[in-house]
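# Reading the structure
What follows is each chain in one-letter form.
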Amino acid sequence: MKNMDIVKVIDVTKCTACRGCQVACKQWNEQQATRTHNWGSYQNPPDLQSNTWTLIRFQEYVDKDGTFKWLFRKDGCMHCTDAACVKVCPSGALYYTEFGTVGVHRDRCIGCKACVTACPFGIPRHDVRTDKCYKCDLCYTRLLGDQKPACVLSCPTGALTIGDRATMLKKAYARVAELGGDANVYGDKFVGGTHVIYVLGEKPGVYDELPEHPKMPATVLWWKNFFKPFTLIGIGGVAGAAALHYLIKGPHEVKENKEGGE
Amino acid sequence: MTNHYIDLKNSDVILIMGSNAAEHHPLAFKWILRAKEKNGARIIHVDPRYTRTSARCDYHVPLRSGTDIAFLGGMINYIISNEKHFHDYVVNYTNASFLVNPDFSFDNGLFSGYDAEKRKYSKDTWTFQMDASGIPLKDPTLTDPRCVFQLMKQHYSRYTLDKVSSITGVSKENLTRVYAEYSATGVPDKAGTECYALGWTQHTVGVQNIRSMAIIQLLLGNMGIAGGGINALRGEPNVQGSTDHCILYGNLPGYLKMPLASLDTLEKYLEKCTPKCKDPQSANYYINYPNFYVSWLKALYGETATPETEFGYQWSPKLDDGKAYSQLHLFDRMYEGKIKGLFAYGTDPAVSSPNSLKTRKALEKLDFLVCANIFDNETSSFWFGPGVDPKQVKTECFLLPAAATMEKEGSQSNSGRWVQWKYKAADPPEDAISCGDIQIRLMDAIKALYAKEGGPNAESILNLKWDYKDRDGNMDVLKVAKQINGHWTADVEIDDKGVKKQFKKGDLVPTFGMLKADGTTACGNWIMSGSFGADGENKMAKRGKDDPTGLGLYPNWSFAWPVNRRIIYNRASCDVNGKPYNPKRKLLEWTGDKWVGDVPDGPWPPMADKEKGKYPFIMKADGVGSLFGPAMADGPFPEHYEPLEGPLTKNPLSGQLNNPAIEIFKADVDQVANASEKFPYVCTTYSCTEHWCSGALTRWQLWLLEMQPELYVEIGEALAKEKGIKNGQKVKVSSARGEVKCVAMVTKRFVPFTVEGQTVHQVGLPFNYGWLFPEDGGDSTNFLTPSVGDANTFCPEFKAFMVNVSKVQERTL
Amino acid sequence: MSHHDANMVKVTDATERIAHWILALSCLFCLISGLGLMFHTWEIIPTILGGYYATKWLHIFSGVVFAMALAYAYFMWAKECRFEKDDLDWILQGGGYLWETEKLPPVYKYNAGQKAFFWCIVVFGILIVLTGLGMWFSDSLPVVVARLAFMLHAMSAFVIGSFFVVHLYLGTIGNPGTVQAMFTGKCTRAWCQTYCPRWLEDHDKNCVA
């Protein structure tokens with residue numbers, strides 16, 4: 001996988017929600033378990049957490065024909081090509097790796113939570129105890145060692161596969177063609193294309209917590225593309241204007257200086 | 001499994017019924033998905049609850065727990081009345097054409113020969129009519145009213161769509177949909193398979209559930225073929241291996257029969273156990289029974305097993321006639337105070353046995369309890385469990401630290417009968433040793449005590465061959481494995497298909513075909529014979545990835561019993577001339593002088609050769625598959641009976657509400673409430689992917705616990721609404737025997753059934769929790785379940801009983 | 001008479017000066033550390049401050065100080081910075097800074113520019129403090145609000161930063177003699193007559209009284 005533009009495909013139509021990936025992720029990344037409670041769902045922990053970087057979401061869904069379906073979706077970092085999190089990260093903790101994925105320099109993270117809010121998929125999580133933010137790095141160190149990410153390795157049904165972008169996209173589209181109906185490929189058409197691509201059995205809008213049209217938030221664009229440069233332009237511009245004023249008009253003199261002493 | 005996991009990919013229709021394959025066999029499930037992807041196979045899930053398996057099937061059909069025979073009986077009726085059966089196969093390879101004893105009858109739910117007092121059948125009339133030479137009379141036209149086919153047709157004609165729908169709660173549309181799709185495999189080039197697990201076995205009609213499917217598979221010609229068969233999915237509990245090595249009380253290793261007290265000589269025992277058949281075309285392979293049994297005795301008693309000592313037959317333990325010794329009986333007698341001590345290795349009966357109250361009370365009546373486990377569990381700690389006053393418990397409890405599976409070398413048998421050798425990955429921690437070592441040390445001490453002090457049946461102990469240690473005194477697992485495989489006890493010369501072969505004393509027996517009843521061979525488990533080569537090669541450790549047939553047989557990967565046969569009854573995949581029925585999936589073919597493909601069920605030519613040819617089902621005395629199965633305790637044809645506890649007061653099919661051949665336990669805690677207003681909902685229990693069995697191992701694994709943290713009850717939305725129960729709320733589930741508190745999981749995945757015109761709700765709970773850990777995780781679901789089991793195996797009825805569900809106060813301190 | 005008491009007039013008291021400098025320095029520190037967090041290429045700033053993580057907390061702490069100083073300053077100066085009618089005239093003449101003008105309306109304590117700067121700091125200071133809090137506790141806000149907080153924080157920094165420079169210029173070399181007001185607290189009478197003639201009148205009256 002060395003120096004490859006990689007893509008992980010999550011084929012939800014092959015997922016049995018065995019959650020091997022959820023455990024494998026915790027094991028490889030040495031993340032502790034949380035003492036949870038049953039809250040009326042198999043989905044547990046109920047949401048992604050700073051120590052849960054991937055989560056199988058369980059969803060009971062009745063389609064338009066009245067057919068009941070139990071939808072499973074492995075949630076986690078989508079590894080955007082135009083990643084809002086990388087854009088907003090002040091310390092360079094989030095960065096693009098040579099695989100096109102979004103890596104994490106954990107030692108550089110300052111826990112500012114900018115990524116947590118900026119992410120269009122709502123993925124990164126902040127841990128109060130370490131005051132750092134966490135998310136999947138697609139097992140960057142494993143990729144370096146030419147190994148599959150832990151989740152992919154653990155998947156028994158072939159719902160998770162990984163490879164170079166072109167091949168994986170081709171496979172994903174072939175699978176969608178095979179499935180027919182509402183099946184679709186999710187991930188290649190926004191945020192510059194994600195490095196995690198879904199093969200979805202239903203339309204994206206059907207799935208819980210999955211944005212139908214994810215994009216870089218407008219606030220991030222205003223912030224980073226407008227205000228950020230303008231802060232410099234503003235300060236610099238004003239300073240320049242002041243200098244010009246000083247040179248052209250000179251300092252403002254006190255009018256009556258007769259009585260003034262020293 | 002008659003077939004094996006990988007073979008599931010060769011199927012065209014896969015019926016998953018009585019199994020939650022995706023959740024409990026997540027790795028094996030990929031082969032089911034493979035069938036869907038590569039063959040476009042239909043995957044059908046029939047189950048009371050929509051599960052993670054249903055989510056990956058083409059469709060799910062909800063069925064009321066405990067009505068599988070009604071469902072399958074309806075399918076038999078559909079197949080026969082629509083002539084969907086594979087005619088040639090049925091005529092040649094099953095006993096469909098056999099004429100049944102004229103005195104055999106079935107009336108109002110009872111077969112002939114029933115003794116109501118003993119709750120037992122006399123099987124005198126469950127026989128075939130014989131000709132003068134002792135061969136069953138047959139009618140190959142299948143039209144004789146006394147032939148099996150006609151009797152069966154008549155029996156299942158009662159299972160009409162209306163009737164079946166009314167019993168099972170399955171809509172008629174769904175019934176015909178499944179019946180039509182599945183019976184479409186009754187043609188030569190299609191294969192249908194069935195996957196089941198505890199969803200079928202854990203019923204008072206458990207064995208007959210499976211029998212019903214076996215009948216369907218025989219009718220459709222699906223037995224013995226690639227992508228067919230009837231497949232029990234066994235898993236990590238090593239049910240396959242432990243059953244092969246006689247975990248059931250009535251068995252000896254390799255499914256030999258435990259001697260009965262009345263069979264007081266070896267001769268009588270062998271006479272009784274060796275099946276006879278006068279038909280020269282039937283191989284009747286069990287004619288070799290004496291070879292297997294005497295070799296077993298030689299393995300047991302070594303040098304002291306001689307013809308003079310009846311090879312030690314008198315020393316070996318025997319069952320009292322008419323008595324059963326299942327776990328249900330064990331705890332029943334323990335509850336009566338008749339059992340003094342219990343060894344519970346790798347098991348947690350305080351959680352996993354039915355009627356936990358009874359089980360836990362029974363443990364209090366023991367003098368001693370020895371547990372060997374990798375963690376403490378609710379059984380070894382029962383004496384300080386909820387509601388137990390340690391001061392009042394006299395039982396002396398021991399917990400021996402045992403090595404976990406990855407901490408020891410040895411073999412593991414998967415469902416496909418593959419016996420795979422594995423190596424130790426790590427040393428056990430601290431003082432933990434393998435259960436084998438515990439046994440060796442224990443038996444050494446017992447033998448020493450007997451040698452010193454003597455005692456009753458001292459010969460049984462003292463003559464026991466017991467040399468399984470290495471130089472350091474630890475268990476030598478290879479020695480055990482080789483003893484299981486078998487060896488010669490003398491120098492011999494064998495005539496193997498015309499070739500003379502010399503073997504020395506101590507040489508390993510390469511196949512069970514060479515075992516002898518004269519004491520020249522010793523074999524711990526005949527079906528495992530051949531797991532080593534004569535040269536000592538450990539075939540279980542083979543890891544060859546070649547697949548010459550392309551069917552995924554992988555003959556050089558590990559060893560599959562018997563004799564590395566990957567699909568049993570495989571001769572039935574060919575017609576009477578040995579030509580494969582389905583040339584696309586050629587499992588076996590007769591080339592005129594030999595079989596090519598899988599290891600055949602015997603070397604004989606196909607049955608069209610009237611001289612040397614044999615019928616395909618060689619382990620059956622008459623050589624054919626049993627549509628009529630007189631070996632069953634509860635009838636030669638499966639018949640629908642209601643579970644011991646159900647919602648109905650009357651069986652819609654007959655006057656016999658419950659299985660007439662089941663044993664009813666009568667302790668004060670064995671309360672039953674059938675069709676009671678107090679307990680109006682059908683309940684079933686199951687496991688979840690995240691936990692394993694009683695959870696005694698997995699609950700300590702915090703990553704798993706995080707995903708499934710505590711006991712829950714799954715309730716359909718309609719029932720929850722009726723009871724005012726909200727998702728995530730704490731509720732109480734109670735039965736006539738006890739109650740548990742748990743979290744309500746309100747779901748669309750349980751739908752109400754319409755049964756005999758009434759709405760019947762069903763709920764379900766996992767059985768993976770116990771009071772010991774985690775603290776607030778809930779206690780055993782088996783407080784609810786009844787102590788009653790299958791008529792043949794006594795496998796407990798965990799899957800269908802009646803409960804009530806009610807709200808309790810929200811979680812308080 | 002105090003008239004010839006001294007040439008210098010006390011224009012600020014010590015509290016005002018201390019408050020001013022706390023506000024100014026915390027603001028400046030926030031600006032500098034904030035720029036360090038905004039531009040990866042200016043890693044020198046966090047490096048000097050002890051790394052990114054330290055910078056984050058120093059930024060937050062100085063933000064808190066800024067918030068408190070701002071609150072104090074508000075109550076201290078709000079009254080004096082109320083706009084009055086003449087302020088419009090002042091503004092229309094550009095305060096005399098940009099072109100020659102002789103008819104500037106006499107200022108009381110603060111001219112309209114100073115007032116505008118004060119209110120700008122108050123409004124955007126409150127905004128930057130609130131959005132800063134929003135960023136700090138973003139996990140307890142709806143994501144839309146949190147995202148706005150991040151954006152508006154940057155916007156406020158842009159506004160405050162720009163005005164800060166204007167203030168710095170006009171308070172120092174742009175208006176010689178002014179800076180004393182925030183050091184010694186005393187300015188020349190002439191300075192007062194130029195920048196706050198009406199206040200000087202009142203001041204003198206009070207002194208007489």
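Residues numbered from 1 in each chain as written. Chains lettered and ligands numbered in written order. Predicted model: local features only at pLDDT ≥ 70, side-chain atom pairs only at ≥ 80, totals over all residues.

### Notes on the packing of helix H7 (residues 161–168) of chain B against helix H8 (residues 172–183) of chain B
Residue and element names in this part refer to chain B. This is how it is decided: Comment: axis = line fitted to C-alpha atoms, over the contacting stretch for helices; angle = value between 0 and 180 degrees taken between N-to-C directions. For the purposes of this entry, the term helix denotes a DSSP run of H or I that reaches at least four residues, the term strand denotes a run of E that reaches at least two, and both are numbered from the N terminus. Each angle gets one of four labels, with under 35 degrees taken as roughly parallel, over 145 as roughly antiparallel, 65 to 115 as roughly perpendicular, and the rest as oblique. Each helix crossing is assigned a hand: it is left-handed if the near helix lies turned anticlockwise from the far helix by less than a right angle, otherwise right-handed if that turn is clockwise. For every residue pair, C-beta atoms are placed from the backbone, and the pair is scored as a contact if these atoms sit within 7 Å. Each residue gets one of three labels, nonpolar for Ala, Val, Leu, Ile, Met, Phe, Trp, Tyr, Cys and Pro, charged for Asp, Glu, Lys and Arg, and polar for the others, Gly among them.
The interhelical angle for the contact between H7 and H8, taken along N-to-C directions, is 110°, at an axis separation of 9 Å. Relative to H8, H7 is oriented roughly perpendicular. Of the two possible hands of crossing, H7 and H8 adopt the one that is right-handed. Of the residues in H8, those in contact with Leu161, Val164 and Ser165 of H7 are Lys172, Leu175 and Thr176. When grouped by side-chain class, the residues that make up the contact of H7 with H8 number three nonpolar, two polar and one charged.

### A word on the environment of Ala191 of chain B
Residues and elements named next belong to chain B. Basically, it comes down to this: A residue is called partly exposed when the number of other C-beta atoms within 10 Å of its own lies between 12 and 20, exposed at 12 or fewer, and buried at 20 or more, with C-beta atoms placed from the backbone.
Looking at the element boundaries, Ala191 is found in the loop between H8 and strand E8 (192–196). Classification of Ala191 by C-beta neighbours within 10 Å gives buried; the count is 30. Between the alpha carbons of Ala191 and Gly473 there is a distance of 52 Å; along the sequence they are 282 residues apart. The contacts of Ala191, once residues within four sequence positions are left out, are Asn10, Ser11, Asp12, Thr185, Asn222, Ile225, Ala226, Gly227, Gly228 and Arg585.

### Considerations on the interface of chain B and chain A
Taken residue by residue, the interface counts 31 residues in chain B and 26 residues in chain A. Of all the elements in the fold, those that place two or more residues in the side of chain B that touches chain A are helix H2 (29–39), helix H3 (52–55), helix H20 (702–707) and strand E27 (739–747) of chain B. It is H20 of chain B that contributes the most residues to the side of chain B that touches chain A, six residues altogether. For the side of chain B that touches chain A, the residue count by class is 18 nonpolar, five polar and eight charged.

### Side note on the sheet that holds strand E1 (residues 13–17) of chain B
All names here are of chain B. Here is the rule: In this analysis, strands are considered paired if DSSP registers two or more bridges between them.
Taking strand neighbours across the sheet as the criterion, the five strands line up as E3-E2-E1-E8-E9 in an open arrangement whose pairing is parallel. Looking at strand neighbours, the two that pair on one side only are strand E3 (59–61) and strand E9 (230–232), the edges of this open sheet. Ignoring which end each strand starts from, the neighbouring axes of this sheet average 20° apart. Where E8 and E9 come together, three bridges link them in parallel fashion. Among the inter-strand pairings, Glu194 is bridged to a residue of E9, identified as Ile230. Sitting on the sheet, helix H10 (residues 206–219) is in contact with E8 and E9, with an inclination near 150° to E9.

### A short note on the confidence of the model for chain A
Rule in force here: Confidence of the prediction at every residue is given by pLDDT, a number between 0 and 100.
Mean pLDDT for chain A: 93, with 96% of residues reaching 70 or above. Every residue in residues 257–262 of chain A is under pLDDT 50, and counting partners more than four places away or in other chains gives seven contacts.

### Some remarks on the sheet that holds strand E12 (residues 341–345) of chain B
All names here are of chain B. As summarised here, the arrangement of the three strands in space is E12-E13-E14, forming an open sheet in which the pairing is parallel. Every other strand in the sheet has two partners, leaving E12 and strand E14 (396–401) as the edge strands with one partner each. Pairs of neighbouring strands in the sheet enclose a mean axial angle of 10°, with direction left out of account.

### Overview of the arrangement of the chains
Take the two pairs of chains in contact: the one carrying the most contacts is chains A and C. Chain B makes no contact with chain C; the smallest distance between any of their C-alpha atoms is 23 Å.

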